[in-house]
Each structure stands twice: as structure tokens, then as C-alpha cells.
Amino acid sequence: MTSWPGQPVTVIAPATSANLGPGFDALGLALSLHDTVLARVTESGVEVQVTGVGGGQTWRPEQHLVIRAMRAAFAATGGQPAGLAISCRNEVPQGFGLGSSAAAIVTGLLAARALAAARESAADPADLLPAADVLRLACEIEGHPDNVAACLFGGLTIAFGAEAGPEIAQLVPLAGLVPVVCVPAVPVATKTARKALPARVPHADATANSARTALLIAALTGRPDLLLPGTEDFLHQRYRAAAMPATAALVAALRKAGIPAAVSGAGPSVLALTVDGEAGDAGEVARIAAAAASSWRVLPLRVDVEGARLASN
Ligand SMILES: Nc1ncnc2c1ncn2[C@@H]1O[C@H](COP(=O)(O)OP(=O)(O)OP(=O)(O)O)[C@@H](O)[C@H]1O
Ligand SMILES: [Mg+2]
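All values reported here derive from a predicted model rather than from experimental measurement. (Residues numbered from 1 in each chain as written. Chains lettered and ligands numbered in written order. Predicted model: local features only at pLDDT ≥ 70, side-chain atom pairs only at ≥ 80, totals over all residues. Heavy atoms only, no water.)

1. Brief notes about the domain arrangement of the protein
One frequently used descriptor of interface size is the decrease in accessible area upon assembly of the parts. Keep this limit in mind: Each domain span listed reflects an automatic or database assignment of domains. The contact definition used throughout considers only heavy atoms, calling two residues in contact when any of these lie within 4.5 Å. Reported buried area values correspond to the accessible surface (1.4 Å probe) lost by two parts on association, with both partners' losses combined. In the sections that follow, a salt bridge refers to a side-chain nitrogen of Lys or Arg positioned within 4 Å of a carboxyl oxygen of Asp or Glu. Counted as a polar contact is a pair of N or O atoms within 3.5 Å, where, for protein atoms, one must be capable of donating a hydrogen and the other of accepting one, and residues adjacent in sequence contribute only when both atoms are in side chains. Elements are defined by DSSP. Helices are runs of H or I of four residues or more, strands are runs of E of two residues or more, and each kind is numbered from the N terminus. Each residue gets one label: Ala, Val, Leu, Ile, Met, Phe, Trp, Tyr, Cys and Pro are nonpolar, Asp, Glu, Lys and Arg are charged, and the others, such as Gly, are polar.
Here the protein is described as being made up of domain 1 (9-172 + 304-311) and domain 2 (177-300). Relative placement of domain 1 and domain 2: their C-alpha centres are 25 Å apart. Each side of the interface is counted separately: domain 1 has 24 residues, and domain 2 has 38 residues. When the two sides are added together, the surface that domain 1 and domain 2 hide from each other amounts to roughly 2,000 Å², 70% of it contributed by carbon and sulfur. Ranking the residues of domain 1 by area buried against domain 2 places Pro22, Phe24 and Phe96 at the top, with a combined share of 32%. Linking domain 1 with domain 2 are zero salt bridges. At the boundary of domain 1 with domain 2, the tally comes to nine residue pairs in polar contact (both at pLDDT 80 or more). For the side of domain 1 that touches domain 2, the secondary structure elements donating two or more residues are strand 1 (9-19), strand 2 (23-42) and strand 5 (156-162). Take the side of domain 1 that touches domain 2: its biggest share by element is seven residues, from strand 2. Class assignment for the residues of the side of domain 1 that touches domain 2 results in 15 nonpolar, eight polar and one charged.

2. Describing the site of ligand 1
Put simply, the rule is: In this text, near means that some heavy atom of the residue lies within 4 Å of the molecule or strand in question. The method behind every accessible area is Shrake-Rupley, applied with a 1.4 Å probe, and residues are considered shielded solely by the protein chains displayed. Lining residues are those with an atom within 4 Å of a point, where the points come from a 1 Å grid over the protein atoms alone and group into cavities, where a 1.4 Å probe fits but cannot get out, or pockets, open sets with protein on both sides within 12 Å along at least five of seven lines. Criterion for pocket placement: a molecule counts as inside a cavity or pocket if more than half of its atoms are within 2 Å of its grid points.
The full set close to ligand 1 counts 19 residues, and Gly95, Gly99, Ser100, Ser101 and Thr190 are the nearest of them. Between ligand 1 and Gly97 there is a distance of 3.2 Å, counted from an oxygen atom to a backbone nitrogen or oxygen. Leu98 has a polar backbone atom sitting 3.3 Å from an oxygen atom of ligand 1. Here ligand 1, which alone exposes 630 Å², has 82% of that area covered by the protein. According to the grid-proximity analysis, the pocket containing ligand 1 is the largest pocket. Here the shell around ligand 1 gets three residues from one element, more than from any other, and that element is helix 2 (residues 100-119). Within the shell around ligand 1, the residues separate by chemical class into eight nonpolar, 10 polar and one charged.

3. Brief notes about the packing of aromatic side chains
The cut-off we apply is this: Two aromatic rings from Phe, Tyr or Trp, using only the six-membered ring of Trp, form a pair when their centres are within 6.5 Å; if the ring planes differ by under 30 degrees the pair is stacked, by over 60 it is edge-to-face, and anything between is tilted. For each residue, the accessible area found with a 1.4 Å probe, counting protein chains only, is set against the maximum for its type, and the residue is called buried under 20%, exposed over 50%, and partly exposed in between. Whether a charge sits over a ring comes down to the Lys NZ or Arg CZ being within 6 Å of the ring centre and within 35 degrees of the ring normal.
Considering all chains together, one arrives at one aromatic pair under this definition. Ring centres 5.4 Å apart and planes at 90° place the aromatic pair Trp4 and Phe74 in the edge-to-face group. Remark: Phe74 occurs in helix 1 (residues 65-76) and Trp4 occurs in the segment before strand 1; sequence separation between them is 70 residues. You can call Trp4 partly exposed: its relative accessible area is 24%. In this structure, Arg119 packs its charged tip against the face of Trp4, placed 4.5 Å from the ring centre.

4. A few points about helix 2
This is how the line gets drawn: One fewer than the residue count of a helix, multiplied by 1.5 Å, yields its expected span.
Between its first and last C-alpha atoms helix 2 spans 29 Å; for 20 residues at 1.5 Å apiece the expected length is 28 Å, and the two agree. Burial analysis of helix 2 places 18 of its 20 residues in the buried class, which makes it a mostly covered element. Phi for Ser121, located one or two positions after helix 2, is positive at around 55°.

Laid out in C-alpha cells, this is it:
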């Protein structure tokens, strides 16, 4: 007979920056800022504890995004346990364009998969639910693939819709890449930012955007000199500028100084792609952000090349 494990599992998932300028809904970069979830099966009820980001909020447990994702993974792997308890330690700012919803969904899916795998005595959790199925479930909950792809697999990811569902290509970005994230004081919900987009764009903009996306992949995988033109977007940022003027102003100021910068995800954070040992480093980003009219928290990060993973408890 199979039984649920008494031991908890721990999952770590990275923040992610999506779009990177022109790679709208396709490109994602995993960052060295993490959410950690410790999850265990209990005899009844659902208990959620949160420390760090979001720690002051109250949740209806079944509405909590980590729990919702766990429910989806349990449903796909043979059924729900009697009770659940999770403890979340969050570093990823929520509602700032740094993929907090993707990190919550991915930690939930991987935690539930690991608990179900222990119940089944599966040697590898992927035997029970392969990575492609985790990606599909994550996209269903998140509604778009770019953040969840980078969060799950790490590094630089290109997500695309294939006939059988969402798929990804994974690339290893430049070794010296230092993504610098600038976070403002007030969040903007992704849904609000998405509403600002038009249903149609001029063909000339679509053409220009294709060229810049191709250029960006070349830049991120070996041609840092192309990062500035490679991060120029024609599809979304200008339409969202009115909803986040301080973000648009900081992107413009950084780019004017020659620093490749773009809106991170749906904003309002800004992502600057700096390179170790090159001009326009993290210190320069911090100086430009400090001179802006509004205040910014500047975080020099690294690329998380591993993606979401189980950790020892
Ligand atoms: N760690 C978490 N635990 C539970 N719920 C979370 C967590 N992180 C995010 N959420 C939920 O997701 C919402 C934020 O999602 P949203 O997609 O708007 O922003 P984001 O994911 O931080 O940024 P973006 O999608 O633009 O990169 C939060 O308001 C909260 O409801
Ligand atoms: Mg999100």
C-alpha cells in the first residue's frame, strides 16, 4: 500500500525577468533572487505560513497561489492528500514584473510532485510527472509561458507554442552578464499592464521587433556589444509607458547613457543588462537611478542557471 511521506520537501525557485525588451511573451531570464517553500502532508486542513515578501498579508489558504498549484499537481499525479501545510520564505517582490507568480506556481507544482513521488516510491519525481507536463500545468495557471519557462529551467529561455502545447529552448547566457534590477516603491498588477496593449500593431513595428529579438539572442549568447540595439522593443513598452511613467523615464535615461535597459516583465521594475568589466556597470545604473525623480531599489544580480530545484530540508 502507498502512503504519504511524513517528511517535508523544500523547493527553491528563482525570480525571472520576461520579455527583455523585444522578446515579448517569449524570452525569460532566471535571476539570483529566490522564493523557498517547505511543504508537508498533514492529517487535515490547509495551513499557510509566509515570511519575507507577502508575510504581512492574510490568505484564504485555498486561494494561495502555491496551494492552487499544489492542487493541480496532486490532481495530475493520483489525488489529493488529507491535509497540507506550507511555509514560504519569499525574496521575490510581488507585482513588480519579477515573476513572483511564476515562482509561486513552480514551487507549488514541484513540491506537490516531490511529495507524490515519495508516496509512490518513485526514484525520480520526473518519472511521475515529466518536466513537459509541469511546464504545461504552470502555463495553464499563469496564462503565459515566458516567466514559468525560465523559472523552471533556469538561464535564458525561449518559450513558444507548439501543436502539443508550450515548449522551450534553453540557452546559456554570457558568463559575465550582471542583470541589474531596479524596483520602484509601488507595484502594478500584470493584468493592468496587459490591458494597455492594442489588438493590432503596424507591420513595420512587427518587422523591426523581429530583427531586434534575433539580435538580442546573438547579444546574450556572445555579442555584448549588440545588447543596446538588441533590447529595443517595438511591441509593448511604449503602450504601457502612460501606466508607469517613472519606469519609462528610467529606461530612457539608462539607454541614453548607453546601458541596455528594458521594462522587466509587465513592469514596473526596470532590467539593465550589464556585463562584468565593461563600461555602464551596476554602479552606473545605481547612479542614474539615484538621480531619477522617484526612488528605486537597485539590485545587482546573477543569472540562475539551475532553475527551480528541490533542496535538502
Ligand atoms: N509567493 C507567492 N505566494 C502566493 N501568491 C503569490 C506569490 N507571488 C505572487 N503571488 C500572487 O501573484 C500576484 C502577483 O502576480 P503578477 O503576475 O501580477 O506579478 P509578478 O508575477 O510579480 O510580476 P510579472 O508577472 O509581471 O513578472 C500577487 O498579488 C499574488 O496574488
Ligand atoms: Mg506574474
